[in-house]
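# Survey of secondary and tertiary structure
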Amino acid sequence: MSLNRTPDLSVILPTADNYATIRRTVSALRAQTVLDRIELVIVAPTDDPQIVPEEVAGFMSVKVVNGGPLKTSNISRAAGIRVATAPIVVLAEDHCFPEPEWASALIEAHRGDYAVVGPVLLNANPRSMISWANLLLEYCPWLEGAGRAEVNDLPGHNSAYRKDLLLAYGVRLEELFEVELLIQRDLREKGHRMLFEPKARTNHLNFSRLSSALYLRFHAGRSFAGHRTMGWSLAKRTGYIVGSPMIPIVRFARIVQTVRASAPHSWLFPRALPMLALMLLLDGIGEIVGYVTGPGGAPDILGQIEFNRVRFMNKADREEFSAATLHLESRDSRNVGAMQPLAG
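Residues numbered from 1 in each chain as written. Predicted model: local features only at pLDDT ≥ 70, side-chain atom pairs only at ≥ 80, totals over all residues. Heavy atoms only, no water.

Right, let's talk about the environment of D186 for a bit. Within the element layout of this structure, D186 appears in helix 7 (residues 180-189). Considered as a pair, D186 and L176 are 10 residues apart in the sequence and their alpha carbons are 9.6 Å apart. Here the side chain of D186 touches K190 through a polar contact of 3.0 Å, side chain to side chain. (Helix = DSSP H or I, 4+ residues; strand = E, 2+ residues; numbered from the N terminus. Polar contact = N/O pair within 3.5 Å; in protein donor to acceptor, adjacent residues only side chain to side chain.)

Bringing helix 12 (residues 298-305) into the picture now. A298, P299, L302, G303 and I305 are the residues of helix 12 that are buried. Lining the buried residues of helix 12 we find helix 2 (73-83) and helix 8 (210-228). (Buried < 20%, exposed > 50% of the residue type's maximum accessible area, 1.4 Å probe, protein only. Contact = heavy atoms within 4.5 Å.)

Below, the discussion takes up the packing of aromatic side chains. Within this structure, the stated rule accounts for 8 aromatic pairs. Taken together, the ring pairs connect W232, Y240 and Y291 into an aromatic cluster. (Phe/Tyr/Trp six-rings, centres within 6.5 Å; stacked < 30°, edge-to-face > 60°.)

Before going further, it helps to spend a moment on the packing of helix 8 against helix 11 (residues 273-293). For the pair helix 8 and helix 11, interaxial distance at closest approach is 6 Å and the crossing angle is 35°. For helix 8 against helix 11, the interelement crossing comes out right-handed. Only M275, L278, M279, L282, D283, I285, G286, E287, V289, G290, Y291 and T293 of helix 11 make contact with helix 8, whose side of the interface consists of L210, A213, L214, R217, F218, A220, G221, R222, F224, A225, G226 and R228. Of the residues that constitute the contact of helix 8 with helix 11, the class distribution is 14 nonpolar, 5 polar and 5 charged. (Axes fitted to C-alpha atoms, helices over the stretch in contact; angles between N-to-C directions. Left-handed = near helix turned anticlockwise from the far one by under 90°. Nonpolar A, V, L, I, M, F, W, Y, C, P; charged D, E, K, R; others polar.)

Before going further, it helps to examine the nonpolar core. Residues I12, I81, L136, Y161, L166, L173 and I183 are the most contacted members of the largest nonpolar core, which totals 57 residues. Counting residues per element, this core draws most heavily on helix 4 (residues 129-139), which supplies 8 residues. (Core = buried A, V, L, I, M, F, W, Y, C linked by side-chain atoms within 4.5 Å.)

Where burial is concerned, most of strand 1 (residues 9-14) is hidden: 6 out of the 6 residues are buried. Going residue by residue along strand 1, you find L9, V11 and L13 tucked away on one face and S10, I12 and P14 tucked away on the opposite face as well. Relative to strand 4 (residues 88-91), strand 1 runs parallel, the two being bridged by 3 bridges. Within the sheet, the bridge partner assigned to V11 lies in strand 4 and is V90. (Pairing = 2+ DSSP bridges.)

Let us look at the pairing of strand 2 (residues 38-44). Within strand 2, 7 of the 7 residues are buried, which leaves the element mostly enclosed by the surrounding structure. For strand 1 and strand 2, the ladder comprises 6 bridges, and the chain directions are parallel. Counted as the bridge partner of L13 is I42 from strand 2. Bridge count between strand 2 and strand 3 (residues 61-66): 6 bridges; the pairing is parallel. Opposite V41, over in strand 3, you have K63 as the bridge partner.

Attention now moves to the pattern of salt bridges. Taken as a whole and judged by the stated rule, the model has 21 salt bridges. E93 is the salt-bridge partner of R77, the closest N and O atoms lying 3.8 Å from each other. Remark: E93 occurs in the loop between strand 4 and strand 5 (96-98) and R77 occurs in helix 2; sequence separation between them is 16 residues. Here R77 matches E93 in class, with each residue buried. For D186, the salt bridge goes to K190, with nearest N and O atoms at 3.0 Å. What you see here is one network of salt bridges that share partners, running through E138, R217, R251, D283 and E287. (Salt bridge = Lys/Arg side-chain N within 4 Å of Asp/Glu carboxyl O.)

What follows is about the state of the cysteines. For the structure shown, the criterion picks out 0 disulfides. Left without a disulfide partner, C96 is nearest to the cysteine sulfur of C140, which lies 16 Å away. Residue C96 is classed as buried on the basis of its relative accessible area of 3%. C140 sits in the buried class, given a relative accessible area of 8%. (Disulfide = S-S within 2.5 Å.)

Below, the discussion takes up the packing of helix 10 (residues 247-261) against helix 11. Closest axis-to-axis distance for the helix 10/helix 11 pair is 9 Å, and the angle between their directions is 145°. The handedness of the crossing between helix 10 and helix 11 is right-handed. Facing helix 10, whose interface residues are I247, P248, R251, F252, I255 and V256, helix 11 presents L273, L276, A277, L280, D283, G284, E287 and Y291. Among the residues forming the contact of helix 10 with helix 11, the class breakdown is 10 nonpolar, 1 polar and 3 charged.

Structure representation (structure tokens):
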């Protein structure tokens, strides 16, 4: 490895415990067509997350960052961003698995004048309507079938940013990453542009156990509304409290319109609608609570359930995920690359 080279892309990948829970994501990253141009930044709550060196071979460089005890995922991401060496940083998750051209597409798109570039989100556990309802709620504008375009918002936890723009937030970075939309909104207000790039594709694992999904939706709604209203006047906050019962209805109509117009997803209409309506109801109740009382403990709760998503999937999805993970481990053990030292 040339000491004079700089990676084109730093992938920020937090883990709540150790390497085992990010193994499948790392395997997907190792399949990237531009692997030797990627820096992998693993953020863990310990100095030794028990990485298997053979399984991280091939990256241009690998860093391990001790992010301290996990509280919220935004703290881990900010810690990784601050030590990244590439000019572009992309957020990754233990439950999201990029396709081989993902990194190349993000790098090429950033050659344009864009502050943020976001990918297509595919459903990694598509058998359940609970899974589809969660994916539609979180990522509907960025599903397969949408065209390449400049946009106002991009997928949270999965988009690629110019590192210099993020570092400019200083100590506010962790706070703003509580609701990533706030960073994107601020970048837009400063005149920066954002691009949705369909050539960058990643597979997202979603909650598929009903009780867990409803718990997620309530706290996600509360966290979003609570952070959104920070700094608002009492009059503005009151206006949103009064109007908030209409928000789920408006969101439902928009999602339905998008699904019906989408060739890859029109089959979801009307199959996913009952579950989507229930999820939106819980999300809307959470927003009302957030507008009235603020985020409360919702960010900490979301931080704890953000990782190890297999815990929140139904039995069939858990079994399928476990089988796929075992297959990847077996494949990697047979096809390991040359050993590569880890950079601290």
